[in-house]
Each structure stands twice: as C-alpha cells, then as structure tokens.
Amino acid sequence: QVQLVESGGGLVQAGGSLRLSCAASGSIFSINAMGWYRQAPGKQRELVARITSGTTNYADSVKGRFTISRDNGKNTVYLQMNSLKPEDTALYYCNARIRTTETMGLIERAYWGQGTQVTVSS
C-alpha cells in the first residue's frame, strides 16, 4: 500500500513563513502529480497548489506567496509558504496521484495524507 505523511505545520505570526513537506512511501510505480489542499472550519476544501512533471498551478489567493516543488528521487513534495496571512489558517492535506507496483503501473488513483495544521496569528 501507499502512505503519505505530512510535516512542517505549526503556529506562525502573520508575515512569517512555513515549509510543508509530504513524503510518499510504499509500493510506488510512479507518481504523476502531487499537490496541497486546505480546509478551514466551515469552508469548502480548496486546491492550494499542484505540480506535475511539467506544470504548476496555484490558487489565486496564494499565488506569489507560496511555492510548490517536488523531489522525485525522494517521492516528496514541498510547499514553501511566505508572507502568511490569518486567512491561510487551515488544515493542509497532501494529495498524490499514484500508480502502484501491485497493479503493474496500470491503475492510477488518488492518495491523501492525514493533514497538518497551519495556524497564522495576527
């Protein structure tokens, strides 16, 4: 099976920075995309950033402040968050679209981490 484990969340003052990490492990054949989503209390889950082998995408609310990157050798995705605002406070989830060796790389599905809390104080 495949596991995603997030780290790097915490409490930071407005204007500060955090760097989130998400490492995938298990019977991985290939990882075709990785990304970060977040959900604040009472709000819909939203895409924060996504990265494939060739493209990156960002939510308008974070563009210019957040940067997503990927280390394919470590099966890890990062989210560098700068100039944090109180409205960035949310539970951040790692997501990856993965093909497993168990399916001989033929079936792709989404996997999720359990989430890491980011809290930004004013």
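Our subject is the structure that appears above.
Residues numbered from 1 in each chain as written. Predicted model: local features only at pLDDT ≥ 70, side-chain atom pairs only at ≥ 80, totals over all residues. Heavy atoms only, no water.

Looking now at the packing of aromatic side chains. By the definition in use, this model includes 1 aromatic pair. One Lys or Arg, Arg45, reaches over the ring of Tyr37 and ends 5.3 Å from the middle of that ring. (Phe/Tyr/Trp six-rings, centres within 6.5 Å; stacked < 30°, edge-to-face > 60°. Lys NZ or Arg CZ within 6 Å of the ring centre and 35° of its normal.)

Strand order in the open sheet formed by 4 strands is E1-E3-E8-E7, with antiparallel pairing between adjacent strands. Edge strands, defined here as strands with exactly one partner in the open sheet, are strand E1 (2-7) and strand E7 (66-71). Looking at each pair of strands side by side, their axes are set apart by 15 degrees on average, direction ignored. Examined bridge by bridge, E7 and strand E8 (residues 76-81) share 6 bridges and lie antiparallel to one another. Bridge pairing in E8 links Arg70 to Val77. (Pairing = 2+ DSSP bridges. Helix = DSSP H or I, 4+ residues; strand = E, 2+ residues; numbered from the N terminus. Axes fitted to C-alpha atoms, helices over the stretch in contact; angles between N-to-C directions.)

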